[in-house]
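Residues per chain are reported as follows:
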Amino acid sequence: MTMHKPFAITLDPGSSRANKTGSWRTLRPVYVDRLPPCNSTCPAGEDIQGWLFRAEGGDYEGAWRHLTRDNPLPAVMGRVCYHSCEDACNRGRLDAAVGIHAVERFLGDEALRRGWGFEPPAVETGKHVLVVGAGPSGLSAAFHLRRMGHRVTVREAGPVAGGMLRFGIPRYRLPRDVLDAEIARIVATGIDLRLGDKVGRLEEAMAGVDATFVAIGAHIGRRAWIPAKDGARILDAVSVLRGMEDHTPPLLGRRVVVYGGGNTALDVARTARRLGATEAVIVYRRTREKMPAHESELEEALQEGVLVKWLSTIRQAAGGEITVERMRLDEAGMPQPTGKLETLAADSVVLALGQDVDLGLLDGVTGVAVDDGVVQVDRETLMTGRAGLFAGGDAVPAERNVTVAVGHGKKAARRIDAWLRGEDAGPRPRHAPATFERLNTWYYSDAPQTVRPQLDLARRTGSFDEVQGGLTEDNALFEARRCLSCGNCFECDNCYGVCPDNAVIKLGPGRGFEFDYDYCKGCGLCAAECPCGAIDMVPEET
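Q: What am I meant to see in the overall build of the chain here?
A: The secondary structure content of the chain amounts to 18 helices and 21 strands. In terms of its C-alpha atoms, the chain occupies a principal-axis envelope of roughly 125 × 55 × 50 Å. Taken across its 542 residues, the chain has 51% of its residues classed as buried. When the accessible surface of the chain is split by element, carbon and sulfur atoms take 50% of a total near 25,600 Å². For the chain, the distance from the average site of its 66 positive side-chain charges to the average site of its 73 negative ones is 1 Å.

Given below as structure tokens:
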């Protein structure tokens, strides 16, 4: 008797590999690499997601070495960077941003504790580059240039390296042993650091070198015209903070008024409290919402007893007191006088109204344009109008903070290296952004950000001990593992597990996956279930 098979059963038993279902496909999945918002936002150009990935696996040295490819000062930056990366972090829309700067600090501190160092350059190019200034931008440039094999000389006018890291940031935010250790590690790569060696005329200093990078900081405090009678004591914030490094703390008195609204104003007011001031009052002419200082710094200052006179400006200073006028904001948000005056007791007034750069060394240098107190450079190359002369950090038009300065140093080094080789470095291609909407957030469990310890309030105003504590190893591991790996495969195996056609092939740890397009029907399950949005569905070519 002949058996008739049902219509749906058309194949004899055998391997399903014989039926190449990929021919049915109209869309094909492809693995993609996308630019996470933390990486995109970092002014230093760090591959944040990359070093977090190594840290979450417990490979701290690997994470540190990955991090220092872009930034040679992680223990410093983990303390003083204002971490715009965390403002952009997609995790912030789930519970709280990953504590990126806290993990960075942990890695930096771990490197100092374990004595990790930088490898010497593999080859020497024979080229000689002069770096003027040993602040964050100059140190960063020197580090990267040396790793590229160039001979680097850094000339620093001050008695010690660090620039505004040392003379503009108080010890309670940045301990000097941490700063000194990270600078020493950079210099140990073979950099010729010359302290107390001020460059008077750059044209002469450039003779005999192949390229020059000007990275001088903004060390001149801006002044404001305030009518002052006899006995009025008016200082500038830069001089006050610099005086703290000379082991001769400035005599500010018991009642200190600080005029300004930036982070430097907060630093001076908090320093005054630590020097014994019973009253430290910030006079600022706008509202709290308009204050340029970072909210976290302001909150710490208020906790320490610093007072703020909002919508106020100083009209006059006399011996032992100042006259303050109340302001109001007009429709454009600009402060306008009201004519209402009050008197505040003040033994000293400190002006924190910004800083300028002394560019006198550029006198006589042909091809260099200075406008509004800064050197004009090509935004892509950081080169001035003079071939071979580059500038960055506070000396050029840009936001003035440590992270931007470090990023300028790296960027300048890359451009200087290309210029010396006669090549065009060009802007590096950028991947498409890894947006929050591409994430499959169902797969991520709640994990609140780790709260770091702070010095007891009672001890803060009585010493210059560091206020913000760091992470333990367990905390750092947990915090690194909060990263969502936005836009880039972290080998979770979801695609491998959900594919109905067994068309996802494992390539091995650290190598990711690939699709077997002979059998992939393009159903899109892998893309739909990818937690981090690392798979795109694209039309098949016809």
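Q: What is the right way to look at the environment of I322 in this model?
A: Assignment of secondary structure puts I322 in strand 12 (residues 321–329). For I322, the residues in contact, after removing those within four places along its chain, are V257, I314, Q316, A317, E342, T343, L344, A346 and V349.

Q: Before we go on, may I ask you to explain the nonpolar core in this structure?
A: The tendency in soluble globular proteins is for nonpolar side chains to be buried side by side. In this structure, W51, L52, L165, L202 and I416 are the most contacted members of the largest nonpolar core, which totals 84 residues. Those residues in contact with L52 that sit more than four places away from it in its chain are V98, I100, V103, A480 and C483. Formed by 24 residues, the second largest nonpolar core is a distinct cluster that contains V268, A280, L298 and V306.

Q: Help me understand the pattern of salt bridges in this model?
A: Proximity of charged atoms lets side chains of opposite charge pair with each other. Following the criterion strictly, the structure yields 45 salt bridges and no others. Among the ionic pairs, E61 bridges to R65, the shortest N-O distance being 3.0 Å. One end of the pair is E61 and the other is R65, both in helix 3 (residues 60–67) and 4 residues apart, which spans about a single turn. Measuring nitrogen to oxygen at the nearest pair gives 2.8 Å for the salt bridge that ties E203 to R386. Here the residue E203 occupies a position in helix 10 (residues 202–205), and R386 occupies one in the loop between strand 17 (374–375) and strand 18 (389–391), the gap between them amounting to 183 residues. One salt-bridge network, in which partners are shared between bridges, spans R173, D267, R270, R274, E297, E300, E304 and R460.

Q: How should I be thinking about the sheet that holds strand 3 (residues 151–156) in this particular structure?
A: Strand pairing within a sheet occurs via backbone hydrogen bonds; the two strands may be parallel or antiparallel. Strand order in the open sheet formed by 5 strands is 4-3-2-5-18, with parallel pairing between adjacent strands. Each edge of the sheet is formed by a strand with only one pairing partner; in this case those strands are strand 4 (192–195) and strand 18. Strand-to-strand twist across the sheet, computed as the mean angle between neighbouring axes with direction ignored, equals 20 degrees. Of the strand pairs in this sheet, strand 2 (residues 128–132) and strand 5 (residues 211–214) are connected by 4 bridges, and their pairing is parallel. What sits directly across from V131, in strand 5, is F213. Its contacts with the sheet put helix 7 (residues 136–147) on strand 2, strand 3 and strand 5, and the angle it makes with strand 3 is roughly 165 degrees.

Q: Teacher, can you tell me more about helix 12 (residues 263–274) here?
A: Residues spaced three or four apart along an α-helix point in a common direction, a consequence of the helix completing one turn every 3.6 residues. Relative to the 16 Å expected for 12 residues at 1.5 Å per residue, helix 12 spans 17 Å between its end C-alpha atoms, a close match to the ideal helical length. Burial of helix 12 is extensive: 10 of the 12 residues sit out of reach of the surface. Among the residues of helix 12, those classed as buried are N263, A265, L266, D267, V268, A269, R270, T271, A272 and R274. Considering only its buried residues, helix 12 is in contact with helix 11 (237–243), strand 8 (255–259), strand 9 (279–283), helix 13 (295–303), strand 14 (348–351) and helix 15 (457–460). Following helix 12 by one or two positions, G276 has its phi on the positive side, about 110 degrees.

Q: Honestly, the pairing of strand 12 in this entry has me stumped. Any pointers?
A: Two faces, one strand: in a regular strand the side chains alternate between the faces of the sheet. In the sheet, strand 11 (residues 312–318) pairs with strand 12 via 6 bridges, with the strands oriented antiparallel. The residue of strand 12 that forms the bridge with A318 is E321. Adjacent in sequence and paired antiparallel, strand 11 and strand 12 are bridged by 2 residues, among which G320 carries a positive phi angle near 85 degrees. Connecting the antiparallel pair strand 12 and strand 13 (residues 335–345) is a turn made up of 5 residues, with G333 showing a positive phi of about 85 degrees.

Q: Help me out: how do you make sense of unusual backbone geometry in this one?
A: A negative phi holds for most residues other than glycine; trans holds for most peptide bonds. A positive phi angle, close to 60 degrees, is found at E491, a residue other than glycine. Relative to the assigned elements, E491 resides in the loop between helix 16 (473–480) and helix 17 (494–498). Judged by its relative accessible area of 28%, E491 falls in the partly exposed class. One non-glycine residue, D493, lies in positive phi territory at about 75 degrees. On the secondary structure map, D493 appears in the loop between helix 16 and helix 17.

Q: Can you walk me through the packing of aromatic side chains in this structure?
A: Each aromatic ring pair is characterised by the separation of its centres together with the angle its planes make. Under the criterion given, the structure shown has 11 aromatic pairs. Seen in terms of ring centroids, Y172 and F464 are 6.5 Å apart; in terms of plane orientation they differ by 35 degrees. Their pairing is tilted. Note that Y172 is positioned in the loop between helix 8 (164–167) and helix 9 (176–187) and F464 in the loop between helix 15 and helix 16, a separation of 292 residues in sequence. Assessed through its relative accessible area of 1%, Y172 is described here as buried. Aromatic rings pair up to connect Y31, F513, F515 and Y517 into one cluster. Above the ring of Y517, the side-chain terminus of R28 is found at 4.0 Å from the ring centroid. Above the ring of Y496, the side-chain terminus of K506 is found at 4.9 Å from the ring centroid.

Q: Got a minute to help me understand the pairing of strand 2 in this structure?
A: The element strand 2 is extensively covered by neighbouring structure, given that 5 of its 5 residues are classed as buried. Neither face of strand 2 is open: one carries H128, L130 and V132, the other V129 and V131, and all of them are buried. As defined by bridge partners, strand 2 adjoins strand 3 across 5 bridges and the pair is classed as parallel. Residue pairing across strands places V131 opposite V154, the latter belonging to strand 3. Crossover strand 2 to strand 3 through helix 7 is right-handed.

What counts as what
- Residues numbered from 1 in each chain as written.
- Predicted model: local features only at pLDDT ≥ 70, side-chain atom pairs only at ≥ 80, totals over all residues.
- Heavy atoms only, no water.
- Helix = DSSP H or I, 4+ residues; strand = E, 2+ residues; numbered from the N terminus.
- Buried < 20%, exposed > 50% of the residue type's maximum accessible area, 1.4 Å probe, protein only.
- Areas by Shrake-Rupley, 256 points an atom, 1.4 Å probe, with all protein chains shown as cover.
- Lys, Arg positive; Asp, Glu negative; His and termini not counted.
- Charge placed at Lys NZ, Arg CZ, Asp CG, Glu CD.
- Contact = heavy atoms within 4.5 Å.
- Core = buried A, V, L, I, M, F, W, Y, C linked by side-chain atoms within 4.5 Å.
- Salt bridge = Lys/Arg side-chain N within 4 Å of Asp/Glu carboxyl O.
- Pairing = 2+ DSSP bridges.
- Axes fitted to C-alpha atoms, helices over the stretch in contact; angles between N-to-C directions.
- Expected span 1.5 Å × (residues − 1).
- Phe/Tyr/Trp six-rings, centres within 6.5 Å; stacked < 30°, edge-to-face > 60°.
- Lys NZ or Arg CZ within 6 Å of the ring centre and 35° of its normal.
- Right-handed = clockwise from strand over helix to strand, strands pointing away.

Any link to function would need more than the numbers given here.
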